[in-house]
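Below are the chains, spelled out letter by letter.
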Amino acid sequence: PIHPITTRPVSVFESAHFATMTSMPRRRRPVSSSSSRTFITVLLAFLFAAYDGIPTVTSFSAPSPITTQSLSSSTNVNHQRNIRQPASSLDAVGPAVAATAASALALPSLKTVSLACLIPTLSGFYKSEYGVSYAYGTAMTATSLLVLRSLLSASAPLDSIAVVHAAAVLFYGVRLNLFLAYREIFLPRFRHMRERIEDRAKSRGSRLSRTPFIVSCAALYAFLATPFLVTSKSCAEMSIKCCSGESGVVGIIWNLVRAAVVATWGGFLIEAWGDFAKSIGKAQKGEDALITGGIFRFFRHPNYTGEIIGWASSCVAAFLAVAATSGKTLSAWMSMAPSLIACVLGASGISFVLTTATAGLERRQLEKYGDTDEYKEWVGKSWVGFQLVKKTKDEEETVVPGATEDNGSPTPEE
């Protein structure tokens, strides 16, 4: 007998071995088509986030503020060259100033922001509830820290409103994670509820089947991070306008930006106050008690209402910042369009989830406390907040990102 590869003569024992191996049937491991599709989805998501060739959105690569001295030197150079440029244009500062501004502030790239939002959300493969709780807070914390680092390390002074805006999101992310950790460590019923959520998620399919939901959550977190990236970029351009002597309407709009950022802080503080008051009230009166004191005298669902106010105000701040820096220039608005669309998607997406959950919680509270005089009096004096549609009992339960209902548990959308 001849060896099939080397063509050398083989012994009788080798010949018998080859005959045995070739006659044995090969067992092929079945491959699930759904698992293959979800694996490809995860792989493509990672490639999209990590690919170095992704062009950075122009709104994330903003010119930085410049000093009056650098502006005057550039103006003198242009005057010597007999170049007459309008003072209100950003191009009036000259190429030398633009190069200096570009190196003064380096905001995180699109790839960095995508990874900062995607990596924490992958915890949803381990525990389904983690993808909309700890991942939510961690993504907001990570992106705000990245922006704050760029703002605080800028080589030229910036308007502090960008720092205040990013700090508001940092406060939201850190506070949310601390609150979630407190509930999970000290309140056993939340651990049991998390396990029930996980069992329900496992009954719907494999862990990889969660991929579309996890990727969509990561995209939502990135959209929510876009507004303070826009205001950070606009602060640099606003400094150029101030050095050019522009005021009037631009100054009024910029003051509205400050007001919107203050409203962002206000919304997140309302949410934090609601969670704190709810935890104290439940600890004192019992888990089934209806909390109607403190901030609940004015808001029936302060955590939902405050979060909607916070993210909506953050989106408004971004639009006003672009209006202050771009004015009537269509090309500038077009260059900022991708970022502004992301701002709208983030604010509208989280608002849809929260307003729908508010309607569901209203119905559940009515069923549980509707016959009591305390509930009727409370409903007559308090504001329900923002609600979209009432949901039916037979609808599928899902977890609202980062939200908690008034009994302190992760809120299911029924």
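Residues numbered from 1 in each chain as written. Predicted model: local features only at pLDDT ≥ 70, side-chain atom pairs only at ≥ 80, totals over all residues. Heavy atoms only, no water.

## Points about the overall build of the chain
Then step 1. A tally of regular secondary structure across the chain gives 13 helices and two strands.
Then step 2. By residue count, 48% of the 414 residues in the chain fall in the buried class.
Then step 3. Of the contacts made within the chain by residues no fewer than 6 positions apart, 80% connect residues no fewer than 24 positions apart.
Then step 4. Total accessible area on the chain is roughly 21000 Å²; 65% of this is exposed by carbon and sulfur atoms. (Helix = DSSP H or I, 4+ residues; strand = E, 2+ residues; numbered from the N terminus. Buried < 20%, exposed > 50% of the residue type's maximum accessible area, 1.4 Å probe, protein only. Contact = heavy atoms within 4.5 Å. Areas by Shrake-Rupley, 256 points an atom, 1.4 Å probe, with all protein chains shown as cover.)

## Here's the deal with the packing of aromatic side chains
To describe a pair of aromatic rings, one takes the distance between the centres and the angle between the planes.
Then step 1. As enumerated under the stated definition, the model contains 12 aromatic pairs in all.
Then step 2. Here the aromatic rings of Tyr172 and Phe268 are separated by 4.9 Å at their centres, their planes lie at 40 degrees, and the arrangement is tilted. Pair noted here: Tyr172 is in helix 7 (residues 161-186) and Phe268 is in helix 10 (residues 249-285), with a separation of 96 residues, a long-range link.
Then step 3. Looking at Tyr172, the relative accessible area reads 0%, which means it is buried. (Phe/Tyr/Trp six-rings, centres within 6.5 Å; stacked < 30°, edge-to-face > 60°.)

## Points about the environment of Leu340
Then step 1. Turning to its location among the elements, Leu340 is positioned in helix 12 (residues 330-369).
Then step 2. The class of Leu340 is buried, set by a relative accessible area of 6%.
Then step 3. With 22 residues separating them in the primary sequence, Leu340 and Ala318 have C-alpha atoms 7.5 Å apart.
Then step 4. Setting aside anything within four residues of it in sequence, one finds Leu340 in contact with Ala318, Phe319, Val322 and Trp333.

## A look at the pattern of salt bridges
Then step 1. Taken as a whole, this structure holds 13 salt bridges when the rule is applied.
Then step 2. Ionic pairing is found between Arg175 and Glu271, a salt bridge with its closest N-O pair at 3.9 Å. Note that Arg175 is positioned in helix 7 and Glu271 in helix 10, a separation of 96 residues in sequence. An identical accessibility class is assigned to Arg175 and Glu271; each is buried.
Then step 3. Of the charged contacts in the structure, one is a salt bridge between Asp275 and Arg175, with a shortest N-O distance of 3.1 Å. On the criterion of sequence distance, the pair formed by Asp275 in helix 10 and Arg175 in helix 7 is long-range, its members being 100 residues apart. Accessibility assignment for this pair places Asp275 and Arg175 in one class, buried.
Then step 4. One continuous salt-bridge network, built from bridges that share partners, spans Lys127, Glu184, Arg194 and Glu195. (Salt bridge = Lys/Arg side-chain N within 4 Å of Asp/Glu carboxyl O.)

## Quick word on helix 12
Then step 1. If you check helix 12, its first and last C-alpha atoms are 54 Å apart, about what 40 residues at 1.5 Å a residue would give, namely 58 Å.
Then step 2. The axis of helix 12 is deflected most strongly, by about 50 degrees, at Ala337, and proline Pro338 appears within four residues downstream. (Expected span 1.5 Å × (residues − 1). Bend = angle between axes of the 7 residues up to and from the residue.)

## Here's the deal with the packing of helix 7 against helix 10
Then step 1. Running from N to C, helix 7 and helix 10 cross one another at 10 degrees; their axes reach a closest spacing of 10 Å. The angle between the axes of helix 7 and helix 10 places the two elements in the roughly parallel class. Judged by the twist between their axes, the crossing of helix 7 over helix 10 is left-handed.
Then step 2. A per-class count over the contact of helix 7 with helix 10 returns 16 nonpolar, three polar and five charged. (Axes fitted to C-alpha atoms, helices over the stretch in contact; angles between N-to-C directions. Parallel < 35°, antiparallel > 145°, perpendicular 65-115°, else oblique. Left-handed = near helix turned anticlockwise from the far one by under 90°. Nonpolar A, V, L, I, M, F, W, Y, C, P; charged D, E, K, R; others polar.)

## Remarks on the nonpolar core
Then step 1. Within the largest apolar cluster, 48 residues are counted, with the highest numbers of intra-cluster contacts made by Tyr136, Met140, Tyr221 and Trp311.
Then step 2. Among the secondary structure elements, those contributing two or more residues to this core are helix 5 (110-121), helix 6 (134-152), helix 7, helix 9 (211-243), helix 10, helix 11 (302-326) and helix 12.
Then step 3. With residues near it in sequence (within four places) discarded, Trp311 still touches Tyr136, Met140, Val169, Tyr172, Leu224, Phe268, Ala347 and Ile350.
Then step 4. Membership of the second largest hydrophobic core comes to 10 residues, among which are Ala277, Tyr369, Tyr375 and Trp378. (Core = buried A, V, L, I, M, F, W, Y, C linked by side-chain atoms within 4.5 Å.)

## What about the confidence of the model for the chain?
Then step 1. Mean pLDDT over the chain stands at 76; residues scoring 70 or higher make up 66%.
Then step 2. The low-confidence segment residues 24-36 (pLDDT under 50) makes two contacts with residues lying over four places distant or belonging to another chain. (pLDDT = per-residue confidence, 0-100.)

## Let's talk about the state of the cysteines
Then step 1. One pass over the structure, following the stated rule, counts zero disulfides.
Then step 2. No disulfide involves Cys343; its sulfur sits 5.3 Å from that of Cys315, the nearest cysteine. (Disulfide = S-S within 2.5 Å.)

## With respect to the environment of Gly306
Then step 1. By the element assignment, Gly306 lies in helix 11.
Then step 2. Residue classification places Gly306 among the buried positions, given a relative accessible area of 0%.
Then step 3. Remark: the alpha-carbon pair of Gly306 and Thr264, spanning 42 residues in sequence, is separated by 8.9 Å.
Then step 4. Aside from chain neighbours lying at most four places away, what touches Gly306 is Gly267, Phe268, Ile270 and Glu271.

## Some words on helix 11
Then step 1. Along its 25 residues, helix 11 runs 36 Å from first to last C-alpha, staying within 8% of the 36 Å computed at 1.5 Å per residue.
Then step 2. Most of helix 11 is tucked away: 19 of the 25 residues are buried.
Then step 3. Immediately beyond the C-terminal end of helix 11, within one or two residues, lies Gly327, with a positive phi of roughly 65 degrees.

## A few points about the packing of helix 5 against helix 6
Then step 1. Orientation of helix 5 relative to helix 6, taken along the N-to-C sense of each, is 155 degrees, at an axis distance of 8 Å. In terms of orientation, helix 5 lies roughly antiparallel with respect to helix 6. Taken as a pair, helix 5 and helix 6 cross one another with a handedness that is right-handed. Residue-level inspection shows Thr112, Val113, Ala116, Cys117, Pro120 and Thr121 of helix 5 in contact with helix 6, the latter providing Ala135, Thr138, Ala139, Ala142, Thr143 and Leu146.
Then step 2. A breakdown of the residues in the contact of helix 5 with helix 6 according to their chemical character gives eight nonpolar, four polar and no charged.

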